Structures are given as C-alpha cells and as structure tokens.
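# Survey of secondary and tertiary structure
Listed here are the chains, written in short residue letters.
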Amino acid sequence: AVVSTQSTGEGIGMRPVVAKKECDGFILNRLQYAVLQEGWRLVRDGVCDARDIDTVMTGGLGIRWSFIGPFETAHLNAPDGMRDYAERYSQGIVRVSESFGTPAPFEGPTLEQVAGYLEEEMPVERLGEVREWRDKVLKDMAIFRQGMPPRLSEQERK
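If you're wondering where the values come from, they're calculated on a predicted model, not measured in any experiment. (Residues numbered from 1 in each chain as written. Predicted model: local features only at pLDDT ≥ 70, side-chain atom pairs only at ≥ 80, totals over all residues. Heavy atoms only, no water.)

### Let's talk about the overall build of the protein
If you tally the helices and strands in the protein, you get 7 helices and 0 strands. Along its sequence from the N terminus, the protein presents helices and strands in the succession α-α-α-α-α-α-α. On C-alpha atoms alone, the protein measures out to a radius of gyration of 19 Å, which is more than a quarter above the 15 Å that the 2.2 N^0.38 rule sets for 158 residues. Dimensions of the protein along its principal axes, counting C-alpha atoms only, are 55 × 45 × 30 Å. The proportion of buried residues among the 158 residues of the protein is 15%. Sequence-distant contacts in the protein: of pairs separated by 6 or more residues, those separated by 24 or more amount to 54%. Summed over all atoms, the accessible surface of the protein reaches about 13100 Å², with 59% contributed by carbon and sulfur. (Helix = DSSP H or I, 4+ residues; strand = E, 2+ residues; numbered from the N terminus. Rg over C-alpha atoms; globule rule 2.2 N^0.38 Å. Buried < 20%, exposed > 50% of the residue type's maximum accessible area, 1.4 Å probe, protein only. Contact = heavy atoms within 4.5 Å. Areas by Shrake-Rupley, 256 points an atom, 1.4 Å probe, with all protein chains shown as cover.)

### Side note on the packing of helix H3 (residues 50-65) against helix H6 (residues 108-121)
Running from amino to carboxyl end, H3 crosses H6 at an angle of 65 degrees, the nearest separation of the two axes being 8 Å. With respect to H6, the element H3 is oriented roughly perpendicular. Only Gln-113, Val-114, Tyr-117, Leu-118, Glu-120 and Glu-121 of H6 make contact with H3, whose side of the interface consists of Ala-50, Arg-51 and Asp-54. Split into classes, the residues belonging to the contact of H3 with H6 amount to 4 nonpolar, 1 polar and 4 charged. (Axes fitted to C-alpha atoms, helices over the stretch in contact; angles between N-to-C directions. Parallel < 35°, antiparallel > 145°, perpendicular 65-115°, else oblique. Nonpolar A, V, L, I, M, F, W, Y, C, P; charged D, E, K, R; others polar.)

### So, the packing of helix H2 (residues 27-44) against H3
In contact at an axis separation of 10 Å, H2 and H3 are set at 145 degrees when each is read in the N-to-C sense. Between H2 and H3 lies a crossing of right-handed hand. Between H2 and H3, the residues in contact are Val-35, Gly-39, Leu-42 and Val-43 and Ala-50, Ile-53, Met-57 and Trp-65, respectively. Here the residues of the contact of H2 with H3 sort into 7 nonpolar, 1 polar and no charged. (Left-handed = near helix turned anticlockwise from the far one by under 90°.)

### Describing the packing of aromatic side chains
For the coordinates displayed, the defined rule picks out 2 aromatic pairs. On the numbers, 4.1 Å between centres and 5 degrees between planes, the contact of Trp-40 with Phe-106 is stacked. Taken together, the residues Trp-40 in helix H2 and Phe-106 in the loop between helix H5 (81-98) and H6 connect sequence positions 66 residues apart. Given the relative accessible area of 7%, Trp-40 is considered buried. Seen from their ring centres, Tyr-85 and Tyr-89 are 4.8 Å apart, and the 55 degrees between their planes marks the pair as tilted. (Phe/Tyr/Trp six-rings, centres within 6.5 Å; stacked < 30°, edge-to-face > 60°.)

### Observations concerning the nonpolar core
Counting 8 residues, the largest nonpolar core is built from Trp-40, Val-43, Cys-48, Ala-50, Ile-53, Ala-104, Val-114 and Tyr-117. At the level of secondary structure, the elements contributing two or more residues to this core comprise H2, H3 and H6. In this structure Tyr-117 touches Ala-50, Arg-51 and Asp-54, once residues within four positions along its chain are discounted. (Core = buried A, V, L, I, M, F, W, Y, C linked by side-chain atoms within 4.5 Å.)

### Section: the side chain of Thr-73
In this fold, Thr-73 is placed in helix H4 (residues 70-76). Each residue touching Thr-73, except ones within four places of it in the same chain, is listed here: Arg-64, Trp-65 and Ile-68.

### Description of the side chain of Asp-84
Tracing the backbone shows Asp-84 in helix H5. The class of Asp-84 is buried, set by a relative accessible area of 13%. Those residues in contact with Asp-84, other than ones at most four positions away along the chain, are Ala-78 and Pro-79.

### Let's talk about the environment of Ile-93
You can see Ile-93 is positioned in helix H5. Once the C-alpha coordinates of Ile-93 and Lys-136 are considered, the two residues, 43 residues apart in sequence, prove to be 36 Å apart.

Written out as structure tokens, the structure reads:
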C-alpha cells in the first residue's frame, strides 16, 4: 500500500516521503502546525499582526522553502555548512525556542484578529474562487519545478 501510494503521488508530480516510525500527524502537518503556532503567539503577544506573518512567509521563507528545505537553507547560510551553522547559531536558536512556551489555542481576541484579516483579504463567500487560484498556482509551480535544473549533478556531488 505504501509503495502504491508513493508511486501515485510521484505520478502526479508530488514528492512523497515515508515516515520511518509512527507519530501523531503527517510530517507536513507537524511542520505547518509549528509555524502556525509561532505565528499565532507572535500575533497574540502583539509582536506583529497576521498580515505581517503572511508577508514574512510569502515574501521570504515561503519563496526559499519552495525549492530548498529548512535544513538545506541552514547549510547554505553558514560559510562552512550545517556544522558551522550549528556552532554559530545553536545557542540563539535554543534561547528563542525556549521562549515559545506552551501551544496557544486558536481562540479569543487572537482568533478575531487573524480571522478578521483573512475574511477581509478573502471573503468566506469567495473562498471557492481563491481555492481555484491556489490550485492553479500550485499546478503551475509543480510544472515549473519539473523544469528546474538540479543543484548539483550526481557527478558534481562526488
């Protein structure tokens, strides 16, 4: 079943991964929830508003992460790769991560602010149109990605 599902995904341009052990939730969802939770806390704590979170993602991390992952990004962001990145930034990352606190429930004034922003940008009665736009963009991006050159060829990696 896993092989069948994996080849079906690959056949429609997806890049499925197989979890090495059981965990609560899909890998993609777990990563998405981590970003959503921190965005929620930043909005709740008045650091920024929901629009700022979406801007940071669509104008920064999202662009980068659409063709290189977070570990690859870190590897490229230090002169000597991931080991150098860990040595330079690990303490700061741990310090910031410790400030995250417990997960924030999606409710109350923060929900009103986030939902208000989203309903202004994408009225609920027009979500079908926005979903069609999203699906078209995702399809176009998948086609674009198929034509992207590899970072390094098999030979260049050796």
